2 protein chains.
Amino acid sequence: MGRKPTKIRIIPLGGLSEIGRNMTAIEYKDEILIIDCGLSFPEDEMLGIDIVIPDITFLIKNKEKIKGIVLTHGHEDHIGALPYVLKKINVPVYGSRLTLGLVENKLKEHKIPEVHLQRVNAGDMINLGVFDVEFIQSCHSIPDAYAIAVHTSLGIIFHTGDFKIDYTPIDGQFIDLHRIAELGKKGVLVMLADSTNVERAGSTMSEKSVGATFENIFSKAKKRIIVATFASNVHRVQQIIDAAHKHSRKVVTSGRSMINIIAVAQEVGALNVPEGLIIDINEMDQYEDHQLAILTTGSQGEPMAALSRMASSEHRKLDIKAGDLVVFSATPIPGNEKSVTKVINQLFEKGAEVIYESLAEVHVSGHACQEELKLMHRLANPQYFIPVHGEPRHLRQHGKLAEKLGMKSENVFVIQNGSVVEFTKDHAKLAGSVPSGRVLVDGLGVGDVGNIVLRDRKHLAEDGLMVVVVTISKETGKIAAGPDIISRGFVYVRESEVLIDDAKKVVRKALDGCEQQNIREWAVLKSAIRDSLKELLYEKTKRRPMILPVIMEV
Amino acid sequence: MGRKPTKIRIIPLGGLSEIGRNMTAIEYKDEILIIDCGLSFPEDEMLGIDIVIPDITFLIKNKEKIKGIVLTHGHEDHIGALPYVLKKINVPVYGSRLTLGLVENKLKEHKIPEVHLQRVNAGDMINLGVFDVEFIQSCHSIPDAYAIAVHTSLGIIFHTGDFKIDYTPIDGQFIDLHRIAELGKKGVLVMLADSTNVERAGSTMSEKSVGATFENIFSKAKKRIIVATFASNVHRVQQIIDAAHKHSRKVVTSGRSMINIIAVAQEVGALNVPEGLIIDINEMDQYEDHQLAILTTGSQGEPMAALSRMASSEHRKLDIKAGDLVVFSATPIPGNEKSVTKVINQLFEKGAEVIYESLAEVHVSGHACQEELKLMHRLANPQYFIPVHGEPRHLRQHGKLAEKLGMKSENVFVIQNGSVVEFTKDHAKLAGSVPSGRVLVDGLGVGDVGNIVLRDRKHLAEDGLMVVVVTISKETGKIAAGPDIISRGFVYVRESEVLIDDAKKVVRKALDGCEQQNIREWAVLKSAIRDSLKELLYEKTKRRPMILPVIMEV
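Residues numbered from 1 in each chain as written. Chains lettered and ligands numbered in written order. Predicted model: local features only at pLDDT ≥ 70, side-chain atom pairs only at ≥ 80, totals over all residues. Heavy atoms only, no water.

*Asks:* Explain the interface of chain A and chain B to me, please; I cannot follow it from the model alone.
*Replies:* Size of an interface: often given as the accessible area lost when the parts come together. At the interface, 74 residues of chain A touch 74 residues of chain B. When the two sides are added together, the surface that chain A and chain B hide from each other amounts to roughly 6,000 Å², 57% of it contributed by carbon and sulfur. Where chain A meets chain B, there are four salt bridges. The shortest N-O distance in the salt bridge between A:Lys400 and B:Glu353 comes to 2.7 Å. Applying the counting rule to chain A against chain B returns 22 residue pairs in polar contact (both at pLDDT 80 or more). Elements supplying a minimum of two residues to the side of chain A that touches chain B: α10 (337-349), α12 (392-404), α13 (451-463), β23 (465-472), β24 (479-488), α15 (522-541) and β25 (546-553) of chain A. If one sorts the elements of the side of chain A that touches chain B by residue count, α13(A) sits on top with nine residues. (Contact = heavy atoms within 4.5 Å. Buried area = accessible area lost by both parts, 1.4 Å probe. Salt bridge = Lys/Arg side-chain N within 4 Å of Asp/Glu carboxyl O. Polar contact = N/O pair within 3.5 Å; in protein donor to acceptor, adjacent residues only side chain to side chain. Helix = DSSP H or I, 4+ residues; strand = E, 2+ residues; numbered from the N terminus.)

The following block contains the structure:
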């Protein structure tokens, strides 16, 4: 690769082809710093996959160079791959109080005890080898979010992390625009910035505006109020808790992540709950409907989440009653629209009132829209720009936005995961690539499910399968038992008896044909079975189930 | 059921639980009239299913009463189930020139020759037994759309069909508000109205507004323009053709349905194409890029549609070039967001410019928003109201809208598919239900895939399968051959050799255990195999593949 130690190399390992899996490596003088370590959720075609993490072949190969992982905030797409990555490269991890609180929980679940976690505060500068890493107060849909400035002898690398500009933040922690302006004045070599909302004009509304809607909802509701939101949106949770407190409602929490995150956030001081406000779900029946608010997961219609279970009467302790007011305080993430709609419909059918985004202002985004992005570009005023945190369409549009603000197009690097951009004080260029890609996690298996397995799952999902078993005599080459046929996911068995009989005949005929030609090779026999069956089934049903011939010899 | 012939019964058989499968039966004096006969597309969990049609058990049982099927317009969710339904009940079908043009095509494909199709014009009144059926000019995202008024001796049933109110329609066919007002004045017993956009405030923009965007795009583009839209949106197609003509571009059409519908629409006179404007795809290379516009299917990111194939370089005749301008003249239908995004990303990666909804006004809906719905309610002024064409959330909101306009809540029937509403001159009530539900079509099979098959497909899709085959000696009860193990969709075979060996051991042990206890029943042997394997596989992989034990005897 011809690396020269006097160059900085920036290598995104995730987050540049999708929303998710954010991870960036910075290499300088044979040392490596990692920013974030996220997961993504599987695409529709990744059947049965639980989560997706970045390919870290490059990091494993350069293990001894890594000085640490610094985290911008505690969302899954920024910390979710840590348990998997830390198993391979055990390096120190730095982050804010809430971020580390969530990381600790996660490592405990995965039984990874011996990791050095170090809490940093906004404004802190820590030294990691050739990197001086500064954590800058930012603002996002989770508290304690940081932007990161990496100071090196070649210049400053400024990573915005996920951000929005909220002039009236719930926790009073205003994004440190002063410091960003100062860095911009001093001179930023390269900026990496959040591209999620680049297609949206204007500015994202303040989180406070949602509070006004809640105030309105809580002051009018006569029966129970059930609010579903992202558990990690602690500011949102705070506003709901405040509204409940003000209107003398007790709060019941439901959903594992809601309960967990509220506990962690309270512990680190990011969430303020009045004594006795949150009651146990089993005490609910001591209160009237108008004295209760329920805070739950399931705002994305996830089938196993608490709200979905309430809507389908599968929740053990909570059922929806006519007159309940259910608020979806979230927007469906692309791909979740149908699941959300399904839950909304179920709620309506149970007689609940349902408030969702097209009806009221019950959600704001955590990401900057165009006007906020422009402010960030102007303040940081970088020499070079790499749009991050987005799909190709977002990265492209963000690159264009930078050009509209006056940046030369050759200074904008719209790149992919694995691309290497090399910087000197006054020059930057693409310099090859490192392995990158999606590693699929299915149960305990990390990377053991790949394209072939997924292709098979897709085939099975679409048309089911037919297993044909036949025992052949070693001596005679004739059928000793079978053929037996078993199908799953293909057609109702009771409707297909004739078809199965036909199938057996066709298999027998194919095998007889082989025997007459004295063919004994299993591969040939199997393909004879497969071909004859395929033809029959397609003709009769226009379907193509997977056909699995099994031959045994006795 | 206690039917009395002096009552009108309205029975929706589809369209009241989802967007799709629209079909309503009206029964009066032992005669039945059917309005529309649509399909819906499968939900995500309906793995491998092609389309979904209404359950017509009720109609088949009352075959001899049916006077005919009247069609409001030619969209799939209103005509798509015809080939399946007409196979069971061969009755006359009535519709507009374009609607029947599309139906004819469809019946030809399904090889259903002997159906009586009768064309009706806007303003026509036809007599079908006790029903006088009037076809009223409407406006929708396909030309020749009708509202339907069914005149009976008990009163008028007014069905809006799908509609919007466009004051400047492309084809000059203004929705016949005068006639609707007249009916309202005369007195409408019950109205059934489109609920699709009831959650949207204001009014849907005129189709003409999209024309202005196209004019702007066509006057600026320097290279090829590729526009993807719904083939059936003939007004949209007309505007694109007009823009191409004006800016001296030849038009190439791609995608089966685009080519088909353009042909049908031209034939019936619903589309006006200047001589020589549309050229064959093979003549494309005789023109410069700025002389070409390509009109294609694939606006929903459908994997097999023409635009998707261009984007992934799988189209035989068309590839995307850097500088191409691609316009998505459509909004993703809920559930299609991710596929559309995938194609947009691929196009960007090929260097195309891409224009889609968040960036320009390239699409308008075909359905009425709240203000238009209010106008319709005011004009028709019905005594009773049944919201149709929507999910439960839409129907519920539409019911509320009617109440806000002054209708008594007991006169609003927010009902489900299969519900029966019975009307007399001055009374209406719910009166039981008829069988209704979703019939799944997979290949040639209509209704042969049900919940068990789908559950198996889901299981297979998520964790794959493991087939265990063992041959047992009839005499000794001992293993004669095997166990053999085959897995698909589970793990990479090369990574799982040890696991497969362990699995064989476990199976052998389980069978030995059975033999020692002298157990010979296959069901018991199979469940012993299944249980032992399940435990092993979950312990080793945290996955639960489908386990299929097969036992043969020799």
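*Asks:* Please explain the packing of helix α14 (residues 497-516) of chain B against helix α15 (residues 522-541) of chain B as it appears in this structure.
*Replies:* When two helices pack together, their arrangement is given by the angle between the helix axes and the distance between those axes. Residues and elements named next belong to chain B. One way to put it is that α14 packs onto α15 with a least axis distance of 9 Å and a crossing angle of 145°. The chirality of how α14 crosses α15 is right-handed. Across the interface between the two elements, Leu499, Asp502, Ala503, Val506, Val507, Ala510, Leu511 and Cys514 from α14 touch Leu525, Ala528, Ile529, Ser532, Leu533, Leu536, Leu537, Lys540 and Thr541 from α15. A class-by-class count of the residues in the contact of α14 with α15 yields 13 nonpolar, two polar and two charged. (Axes fitted to C-alpha atoms, helices over the stretch in contact; angles between N-to-C directions. Left-handed = near helix turned anticlockwise from the far one by under 90°. Nonpolar A, V, L, I, M, F, W, Y, C, P; charged D, E, K, R; others polar.)

*Asks:* Would you mind going over the environment of A:Ser329 with me for this structure?
*Replies:* All names here are of chain A. Take Ser329: it is sitting in the loop between β16 (325-328) and α10. Judged by relative accessible area, Ser329 falls into the buried class, the value being 0%. Taking the C-alpha atoms as reference, Ser329 lies 51 Å from Ile485; in sequence the two are 156 residues apart. Not counting the four nearest positions on each side in its chain, Ser329 is found in contact with Val210, Phe214, Val227, Ala228, Thr229, Arg236, Val362 and His363. (Buried < 20%, exposed > 50% of the residue type's maximum accessible area, 1.4 Å probe, protein only.)

*Asks:* It is not clear to me how the relation of the copies chain A and chain B should be interpreted in this structure. Could you clarify?
*Replies:* Superposition of the two copies of the chain requires a rotation about an axis and a shift along the axis. Placing chain A over chain B gives an RMSD of 0.1 Å and needs a rotation angle of 180°, together with 0.0 Å of translation along the axis. Expressed as an axis order, the relation between the two copies is that of a two-fold axis. When C-alpha positions in chain A are compared against the rotation axis, the closest is assigned to A:Ala461, at 2.4 Å. When the interface residues of chain A are mapped onto chain B, 99% of them are again interface residues, pointing to one common binding face. (Least-squares fit on C-alpha atoms with pLDDT ≥ 70 in both.)

*Asks:* Just checking my understanding: could you explain the sheet that holds strand β4 (residues 51-54) of chain B for this structure?
*Replies:* Pairing between sheet strands relies on hydrogen bonds along the backbone, with the strands arranged either parallel or antiparallel. Residue and element names in this part refer to chain B. Ordered by their spatial adjacency, three strands build an open sheet running β4-β22-β23, and the pairing between neighbours is antiparallel. Looking along the sheet, the strands with just one partner apiece sit at the ends: β4 and β23 (445-446). Across two bridges, strand β22 (residues 438-442) lies against β23 in antiparallel orientation. Counted as the bridge partner of Val441 is Val446 from β23. (Pairing = 2+ DSSP bridges.)

*Asks:* So what exactly am I meant to see when it comes to the sheet that holds strand β17 (residues 325-328) of chain B here?
*Replies:* Residues and elements named next belong to chain B. Taking strand neighbours across the sheet as the criterion, the six strands line up as β15-β14-β16-β13-β17-β18 in an open arrangement whose pairing is parallel. Both edges of this open sheet fall to β15 (278-279) and β18 (353-355), since each of them pairs with a single strand only. Strand direction decides the pairing type here: β17 and β18, joined by three bridges, are parallel. Looking at β18, one finds that Val326 is bridged to Val354.

*Asks:* Sorry if this is basic, but what is going on with the pattern of salt bridges here?
*Replies:* When the charged atoms of two side chains lie near each other, side chains of opposite charge can form a pair. Residue and element names in this part refer to chain A. With the rule as written, the count across this model stands at 47 salt bridges over all chains. Between Arg438 and Glu18 there is a salt bridge, with the nearest N and O atoms lying 3.5 Å from each other. Taken as a pair, Arg438 in strand β21 (residues 438-442) and Glu18 in the loop between β1 (8-14) and β2 (23-28) lie far apart in primary sequence, 420 residues in all. Given a relative accessible area of 37%, Arg438 falls into the partly exposed group. Residue Glu18 is classed as buried on the basis of its relative accessible area, which comes to 7%. In this structure, Asp289 and Lys321 form a salt bridge, with 2.9 Å as the shortest nitrogen-oxygen distance. Here Asp289, found in the loop between α8 (256-268) and β15 (292-296), pairs with Lys321, found in the loop between α9 (306-311) and β16; they are 32 residues apart in sequence, far enough to count as distant. Where salt bridges share partners, they join Arg9, Glu27, Asp30 and Lys65 into one cluster.

*Asks:* Would you explain the UniProt feature "binding site: substrate" (unreviewed entry) in chain A in this entry?
*Replies:* Residues and elements named next belong to chain A. The residues that UniProt annotates with the feature "binding site: substrate" (unreviewed entry) are Ala231, Ser232, Asn233, His363, Val364, Ser365, Gly366 and His367. Val364 gets classed as buried once you look at its relative accessible area, which sits at 9%. The contacts of Val364, once residues within four sequence positions are left out, are Lys164, Met205, Ser206, Glu207, Ser209, Val210 and Arg236. On the basis of relative accessibility, which here comes to 13%, the residue His367 falls in the buried class. (UniProt positions renumbered as here; feature names shortened; annotations may be inferred.)

*Asks:* Can you walk me through the pairing of strand β18 (residues 384-388) of chain A in this structure?
*Replies:* Successive side chains on a regular strand alternate, one facing one side of the sheet and the next facing the other. Residues and elements named next belong to chain A. In terms of burial, β18 is a largely internal element, five of the five residues being buried. Residues Tyr384, Ile386 and Val388 point to one face of β18 and Phe385 and Pro387 to the other, with burial holding for every one of them. One ladder, built from five bridges, connects strand β12 (residues 190-194) with β18; its direction is parallel. In the sheet register, Ala193 faces β18, and the bridge partner there is Pro387.

*Asks:* Explain the packing of α12(A) against helix α10 (residues 337-349) of chain B to me, please; I cannot follow it from the model alone.
*Replies:* Where α12(A) contacts α10(B), the two axes come as close as 8 Å, and the packing angle between them is 50°. Considering their axes alone, α12(A) and α10(B) lie oblique with respect to each other. On the side of α12(A), the interface is formed by A:Pro392, A:Arg393, A:Arg396 and A:Gln397, while α10(B) contributes B:Thr341, B:Ile344, B:Asn345, B:Phe348 and B:Glu349. Of the residues belonging to the contact of α12(A) with α10(B), the class tally is three nonpolar, three polar and three charged. (Parallel < 35°, antiparallel > 145°, perpendicular 65-115°, else oblique.)

*Asks:* Mind showing me how you'd approach the domain arrangement of chain A here?
*Replies:* Residues and elements named next belong to chain A. Entries for chain A in the domain assignment read domain 1 (8-202 + 365-437), domain 2 (208-355) and domain 3 (451-553). Between the C-alpha centres of domain 1 and domain 2 the distance comes to 32 Å. Taken together, the contact between domain 1 and domain 2 spans 15 residues of the former and 15 residues of the latter. Both sides together, the interface formed by domain 1 and domain 2 hides about 1,300 Å², and carbon and sulfur atoms give 63% of it. (Domains from an automatic or database assignment.)

*Asks:* I would appreciate a short explanation of a positive patch on the surface in the present structure.
*Replies:* A contiguous patch of positive charge on the surface is contributed by A:Lys111, B:Arg530, B:Lys534, B:Lys542 and B:Arg544. Take B:Lys534: it is sitting in helix α15. The partly exposed category is assigned to B:Lys534, whose relative accessible area is 45%. (Patch = residues over 30% accessible without salt bridge, like charges linked within 9 Å, V, L, I, M, F, W, Y side chains within 5 Å. Areas by Shrake-Rupley, 256 points an atom, 1.4 Å probe, with all protein chains shown as cover. Lys, Arg positive; Asp, Glu negative; His and termini not counted. Charge placed at Lys NZ, Arg CZ, Asp CG, Glu CD.)

*Asks:* Honestly, the nonpolar core in this entry has me stumped. Any pointers?
*Replies:* One recurring pattern in soluble globular proteins: nonpolar side chains tend to sit buried together. Grouped together as the largest cluster of nonpolar side chains are 70 residues, with contacts concentrated most on A:Leu59, A:Ile69, A:Leu82, A:Phe218 and A:Leu295. Among the elements that line this core, the one with the most residues is helix α7 (residues 234-246) of chain A, at six residues. Taken together, domain 1 (8-202 + 365-437) and domain 2 (208-355) of chain A each give at least three residues to this core, which thus spans both. When neighbours within four sequence positions are excluded, A:Leu59 is seen to be in contact with A:Leu13, A:Met23, A:Ala25, A:Ile32, A:Ile34, A:Ile66 and A:Ile89. The next biggest cluster of nonpolar side chains, apart from the first, holds 69 residues, and it includes B:Ile51, B:Leu59, B:Val93 and B:Val115. (Core = buried A, V, L, I, M, F, W, Y, C linked by side-chain atoms within 4.5 Å.)

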